[in-house]
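Each chain, letter by letter, is given below.
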Amino acid sequence: MADIPKSWKVAPPKAWKLTTPEELVKDTDHRRYTLGLEKGWLRTAPDVEIKPGMHCHAALPKRLEDVGMPNPRTWSVMDEDWKLPKNWKEIILEGFKDRLERFRSFKLFMDICVRCGACADKCHYFIGSADPKNMPVLRAELFRSVYRKYFTTAGKVLGPIAGARELNIDVLKEWWYYLYQCTECRRCSVFCPYGIDTAEITLMGRELTNLLGLNIDWIAAPVAFCNRTGNHMGIQPHAYKDMIEFFLDEIETIIGYRIEPTFNRKGAEILFITPSGDVFGDPGTYTAMGYLMLFEALGLDYTWSTYASEGGNFGLFTSNEIMKKLNAKMYAEAKRLGVKWILGGECGHMWRVVNQYMGTMNLDMAEGSKMEEPVSPITGTKFENARSTKMVHITEFTADLIKHGKLKLDPSRNDHLKVTYHDSCNPARAMGLLEEPRYVIKNVCNNFYEMPPNTIREQTFCCGGGSGLNAGEDMELRMRGGMPRANAVKYVHEKYGVNKLACVCAIDRAVLPNTMEYFVPEVDVTGVHELVANALILEGEKERTVDLRGEPLPGMEDSEDV
Amino acid sequence: MDLKSLLLQKKSPIVKKWCDVVLSTYPQQSQKFLRKQKDQFANPVGRTIFEGIESIFDELLHEANADKIALFLDNIIRVRAVQEFSSSQAVGFIFGLKKVIREELEREILKEGVTEELGAFDSRIDALALLCFDIYTQCRQKIFDIRVKEVKTRSERLLQMAGLAYELPEDYEHPGKGGDLKEGQVNNKC
């Protein structure tokens, strides 16, 4: 008989006996959490148990081969043997050294933490799981301990007394497990008195483990697809165009005439780039329909690109080099088409890459292009904040249109909605986009309610599925991480009757519907521009009876068209 | 004095100890946070436990309305169903109440002769445990349903585009009720 693969083995219960209630409660195994001073900061690794529901599947070898990443092979997280190269330890330590030299911030973040604990209870995963290793300080300490051992004199000499520990296979597995229990949302960083960016520690940690081929498929697959076709889904140009055509059919039934956007059009003034999640996944698709209708109402001289067909960049979760490579298509396509600037859709980490890295990373790609400081062709507003990147966020663009009275709006079409706004982590914390989405929502909806102050704006809670963790197999992890956000939504639902959660991130739109379904099933998720398009009055449109989802508008329930 | 009065008299220490039973299922280093942070948005797990346990105890003493109790229990169990617990650990804290009551009212129970009442109250706790079990399984079922739905949602549009999605025509009637496809009617999406 063939051997049963190890990953399928189920450990038998400790004993088949009836336990008393007290034993039942006491049986909770706290050993693996032990990280207290009483046993030294980091005597933890042997206790780590990787559990189903808490991790993503390993990357298929083809994904790594496609982008030339190391150690492509078939492996399973639940297997004891992760099929690492023999010299894995050398690779990690060499990679660690290299990054300490190249990235000043990494070196600084390794050194300056004083373990004050300000970040400890700010992580959504800690709040939702109560696992101490989800405290950002302890998660980072998993790395710092190894840093001390190999890169500081005190650690080399004093070892555990100086909080240092050897790098071994258990430590590596523990690293990996907790690296993928951080969404790089940076909420903890807001509270750090030293400004330590824990997300950057996670970024570096993932880079290091990727040197051994320890990628997860939920990240590696989009990276490989994006590298080949320009978007996460691996959709080819004709299929991308077909999908937009599909939206145009739906829009036609709503407004009574057909919109005709252009694709890959040279000479357009503006190139529009949005995450492919908006084009292929509900409810983001309704947001994409919203963009199309807005641009039609303005008569905007813009084009879609079937090559720069992805705003998201899972390279951010892989390595600096991959991030740069995947991002390069934006400026390359802008240059090829001869556009003046780029307008970007509702996305999360895309804006971290664009706002914080793109300018310095790839601006040379735009040399010799026609790109210039973005100016709204409708209002004449100069977007000085985007002078260096040449890329404007769509809620900045729309807020400016509304401010100048350029849109005809009927907010009563959204009267059946009571809306709250979830600040998506990256637009909020990585680019300070706090007011514009709210301004837009308040102008297109009559019922808007804020969640409690310590759950929004800079302090917003992550959806629980960012940074590539929005897989199906880690649902328990996602629900733990999404719990603090859901808790705040539940509060405004119970207090004000909120039934719609608006956001400006494609990952939010994929993650939050499920989180809501579990914790607050009465609340649905929407993009901001879906709300805009519902309220928008287009010239020559027929009387609207349904919203973008085909649901009757308020007062139109009995209309024949519904 | 009857058992209800005794329980009301000792409500505060009983509720506190019962909360401790729930908290003790969490890692030691996190218990302080769960206990001390009073803000319901900064510490939703801890606050839900404290508020839920007290409300459940109140309800057990009075009406024992299953619908009301289910709401409080749901808040606690919904999170525990996705946390680091086996099924029995997730719901086992309910039985802790029996022990807590006996510890707190050891002498009074004998003195006042309320053992029969206590037996009846124990039955309420047993019923509470069964309710808890129902809620837990519903939560787990929901997680599985969500996983399935997510797979469908992610591929639905692509399948439609590829002509691989099967959709019944709007005027389709179920076979057996004279509803086989009529002439000229084609399921061209399959």
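These numbers were taken from a predicted model, which means no experiment stands behind them.

Peer 1: Just checking my understanding: could you explain the overall build of chain A for this structure?
Peer 2: For chain A, the count of helices and strands is 22 helices and seven strands. Taking 24 Å as the expected radius of gyration for a compact globule of 562 residues, we find that chain A reaches 25 Å, a close match to that expectation. Each of the three principal axes of chain A carries a C-alpha extent, and together these read 75 × 60 × 60 Å. Per-residue burial over chain A gives 62% buried out of 562 residues. A fraction of 75% describes how many contacts in chain A between residues 6 or more apart in sequence connect residues 24 or more apart. In the form shown here, chain A has an accessible surface area of approximately 21300 Å², with 52% of it arising from carbon and sulfur atoms. Averaging the locations of the 69 positively and 76 negatively charged side chains of chain A gives two centres separated by 7 Å.

Peer 1: What should I look at first to understand the packing of helix α14 (residues 284–298) of chain A against helix α22 (residues 528–535) of chain A in this one?
Peer 2: Residue and element names in this part refer to chain A. Between α14 and α22, the least distance of the axes is 7 Å, while the angle of their chain directions is 50 degrees. On the basis of their axis angle, the class for α14 and α22 is oblique. The hand of the α14/α22 crossing is left-handed. Every residue of α22 that contacts α14 at Tyr286, Thr287, Gly290, Tyr291, Met293 and Leu294 is listed here: His529, Glu530, Val532 and Ala533.

Peer 1: Explain the domain arrangement of chain A here, please?
Peer 2: Many descriptions give the size of an interface as the accessible area lost when the pieces come together. Residue and element names in this part refer to chain A. Assigned domains of chain A: these are domain 1 (35–215) and domain 2 (221–535). Taken together, the 36 residues of domain 1 in the interface contact 39 residues of domain 2. Roughly 3000 Å² of surface becomes buried between domain 1 and domain 2 when both sides are summed, with 59% attributable to carbon and sulfur atoms. Three residues, Tyr125, Arg186 and Arg187, lead the burial of domain 1 against domain 2; their summed loss comes to 17% of the area buried on that side. Inspection of the region where domain 1 meets domain 2 yields two salt bridges. The partner of arginine 102 in a salt bridge is glutamate 321, and the shortest N-O contact between them spans 3.3 Å. Taken together, the elements giving at least two residues each to the side of domain 1 that touches domain 2 come down to α2 (61–67), α5 (124–129), α9 (187–191) and α10 (198–210). The leading source of residues in the side of domain 1 that touches domain 2 is α10, at seven residues. Counted by class, the side of domain 1 that touches domain 2 contains 15 nonpolar, 10 polar and 11 charged residues.

Peer 1: Explain the pattern of salt bridges here, please?
Peer 2: Any two side chains of opposite charge can pair if their charged atoms end up close together. This model, assessed by the stated rule, comprises 54 salt bridges over all chains. For aspartate 410 of chain A, the salt bridge goes to arginine 413 of chain A, with nearest N and O atoms at 3.9 Å. Residue classification places arginine 413 of chain A among the buried residues on the basis of a relative accessible area of 11%. As a salt-bridge pair, lysine 16 of chain B and aspartate 20 of chain B come within 3.5 Å of each other at their nearest N and O atoms. Remark: aspartate 20 of chain B and lysine 16 of chain B occur in helix α2 (residues 11–23); sequence separation between them is four residues, near one turn of the helix.

Peer 1: Honestly, the pairing of strand β7 (residues 524–527) of chain A in this entry has me stumped. Any pointers?
Peer 2: In summary, the side chains of a regular strand alternate between the two faces of the sheet. Bridge count for strand β6 (residues 500–503) of chain A against β7 of chain A is four bridges, and the pairing is parallel. Looking at the pairing, alanine 502 of chain A lines up with threonine 526 of chain A of β7 of chain A.

Peer 1: Explanation requested: the layout of surface pockets in the structure shown.
Peer 2: One simple way to see leftover space: roll a probe sized like a water molecule over the atoms. The volume enclosed by the second largest pocket comes to roughly 1200 Å³. Taken together, 47 residues make up the lining of the second largest pocket; nearest its centre are Trp218, Gly281, Asn470 and Ala510 of chain A together with Arg154 of chain B. When contributions to the lining of the second largest pocket are tallied by element, the ones reaching two or more residues are α11 (217–229), α13 (276–280), α14 and α21 (506–519) of chain A together with α9 (115–161) of chain B. Partitioned by chemical class, the residues of the lining of the second largest pocket number 21 nonpolar, 13 polar and 13 charged.

Peer 1: Mind showing me how you'd approach helix α16 (residues 349–362) of chain A here?
Peer 2: At 3.6 residues per turn, the α-helix brings residues three or four places apart onto the same side. Residues and elements named next belong to chain A. Between its first and last C-alpha, α16 extends only 17 Å over 14 residues, short of the 20 Å set by a 1.5 Å rise per residue. In terms of burial, α16 is largely enclosed, as 11 of its 14 residues are buried. Restricting attention to buried positions, one finds in α16 the residues His349, Met350, Trp351, Arg352, Val353, Val354, Tyr357, Met358, Gly359, Met361 and Asn362.

Peer 1: Is there a simple way to explain the environment of valine 114 of chain B in this structure?
Peer 2: Residue and element names in this part refer to chain B. Locating valine 114 in the fold gives a position in the loop between α8 (106–112) and α9. It is 6.1 Å that separates the C-alpha atoms of valine 114 and leucine 3, two residues lying 111 residues apart in sequence. Not counting residues within four places of it along the chain, the set of residues in contact with valine 114 comprises Met1, Asp2, Leu3, Leu6 and Ile109.

Peer 1: I'm lost on the side chain of glutamate 333 of chain A in this one. Help?
Peer 2: Residues and elements named next belong to chain A. Mapping glutamate 333 onto the fold places it in helix α15 (residues 320–337). Looking at glutamate 333, its side chain comes within polar contact range of the side chain of arginine 336, at 2.7 Å. Residues contacting glutamate 333, with those up to four places away along its chain left out, are Asn264, Leu271, Ser305, Tyr307 and Ala308.

Peer 1: I'm lost on the confidence of the model for chain A in this one. Help?
Peer 2: Interpreting fine coordinate detail is not advised for predicted regions of low pLDDT. Residue and element names in this part refer to chain A. Confidence in the prediction for chain A averages 91 pLDDT; 91% of positions are at 70 or higher. Considering only residues more than four positions removed or in separate chains, one finds that residues 1–18, a stretch of pLDDT under 50, has nine contacts. Scored below 50 in pLDDT, residues 27–41 makes 39 contacts in the model with residues more than four places away or belonging to other chains.

Peer 1: Honestly, the sheet that holds strand β1 (residues 270–273) of chain A in this entry has me stumped. Any pointers?
Peer 2: Strands pair in a sheet through their backbones, by hydrogen bonds, and they do so in one of two ways: parallel or antiparallel. Residues and elements named next belong to chain A. Within the open sheet, the four strands sit side by side as β2-β1-β3-β4. Their pairing is parallel. Looking at the sheet topology across the chains shown, the edges are occupied by β2 (302–304) and β4 (391–393). Strand-to-strand twist across the sheet, computed as the mean angle between neighbouring axes with direction ignored, equals 30 degrees. When strand β3 (residues 341–344) meets β4, the two strands line up parallel, connected through three bridges. Each bridged residue has a counterpart across the sheet, and for leucine 343 the counterpart in β4 is valine 392. Most of the contacts of α14 go to β2, to which it runs at about 155 degrees, and overall it touches β1, β2 and β3.

Peer 1: Would you take a moment to explain the packing of aromatic side chains for this structure?
Peer 2: The relation between two aromatic rings is expressed through the spacing of the ring centres and the mutual angle of the planes. A full pass over the atoms with the stated rule returns 24 aromatic pairs over all chains. Residues tryptophan 341 of chain A and phenylalanine 383 of chain A carry aromatic rings whose centres are separated by 6.3 Å and whose planes lie at 50 degrees to one another, so their mutual orientation is tilted. Of this pair, tryptophan 341 of chain A sits in strand β3 while phenylalanine 383 of chain A sits in the loop between α16 and β4, placing them 42 residues apart in sequence. We note that tryptophan 341 of chain A, like phenylalanine 383 of chain A, is buried. Within the aromatic cluster, the residues linked to one another by ring pairs are Phe96, Phe106, Phe143, Tyr147, Phe151 and Trp175 of chain A. Directly above the ring of phenylalanine 461 of chain A sits arginine 187 of chain A, whose terminal nitrogen or CZ lies 3.9 Å from the centroid. One Lys or Arg, arginine 78 of chain B, reaches over the ring of tyrosine 518 of chain A and ends 4.9 Å from the middle of that ring.

Peer 1: Please explain unusual backbone geometry as it appears in this structure.
Peer 2: Leaving glycine aside, a negative phi is the common case for residues, and trans is the common case for peptide bonds. Residues and elements named next belong to chain A. Residue proline 283 is reached from aspartate 282 by a cis peptide bond, and omega for that bond is 0 degrees. Among the structural elements, proline 283 can be located in the loop between α13 and α14. Phi at alanine 130 is positive, roughly 65 degrees, even though this residue is not glycine. Note on placement: alanine 130 falls in the loop between α5 and α6 (136–151). Despite not being glycine, lysine 390 has its phi angle at roughly 70 degrees, a positive value. Along the chain, the position of lysine 390 falls in the loop between α16 and β4.

So, how was this worked out
Residues numbered from 1 in each chain as written. Chains lettered and ligands numbered in written order. Predicted model: local features only at pLDDT ≥ 70, side-chain atom pairs only at ≥ 80, totals over all residues. Heavy atoms only, no water. Helix = DSSP H or I, 4+ residues; strand = E, 2+ residues; numbered from the N terminus. Rg over C-alpha atoms; globule rule 2.2 N^0.38 Å. Buried < 20%, exposed > 50% of the residue type's maximum accessible area, 1.4 Å probe, protein only. Contact = heavy atoms within 4.5 Å. Areas by Shrake-Rupley, 256 points an atom, 1.4 Å probe, with all protein chains shown as cover. Lys, Arg positive; Asp, Glu negative; His and termini not counted. Charge placed at Lys NZ, Arg CZ, Asp CG, Glu CD. Axes fitted to C-alpha atoms, helices over the stretch in contact; angles between N-to-C directions. Parallel < 35°, antiparallel > 145°, perpendicular 65-115°, else oblique. Left-handed = near helix turned anticlockwise from the far one by under 90°. Domains from an automatic or database assignment. Buried area = accessible area lost by both parts, 1.4 Å probe. Salt bridge = Lys/Arg side-chain N within 4 Å of Asp/Glu carboxyl O. Nonpolar A, V, L, I, M, F, W, Y, C, P; charged D, E, K, R; others polar. Pairing = 2+ DSSP bridges. 1 Å grid on protein atoms, 1.4 Å probe; cavity = no way out; pocket = protein on both sides within 12 Å on 5 of 7 lines; lining within 4 Å. Points joined across faces, edges and corners; volume = space filled by probe spheres on them. Expected span 1.5 Å × (residues − 1). Polar contact = N/O pair within 3.5 Å; in protein donor to acceptor, adjacent residues only side chain to side chain. pLDDT = per-residue confidence, 0-100. Phe/Tyr/Trp six-rings, centres within 6.5 Å; stacked < 30°, edge-to-face > 60°. Lys NZ or Arg CZ within 6 Å of the ring centre and 35° of its normal.

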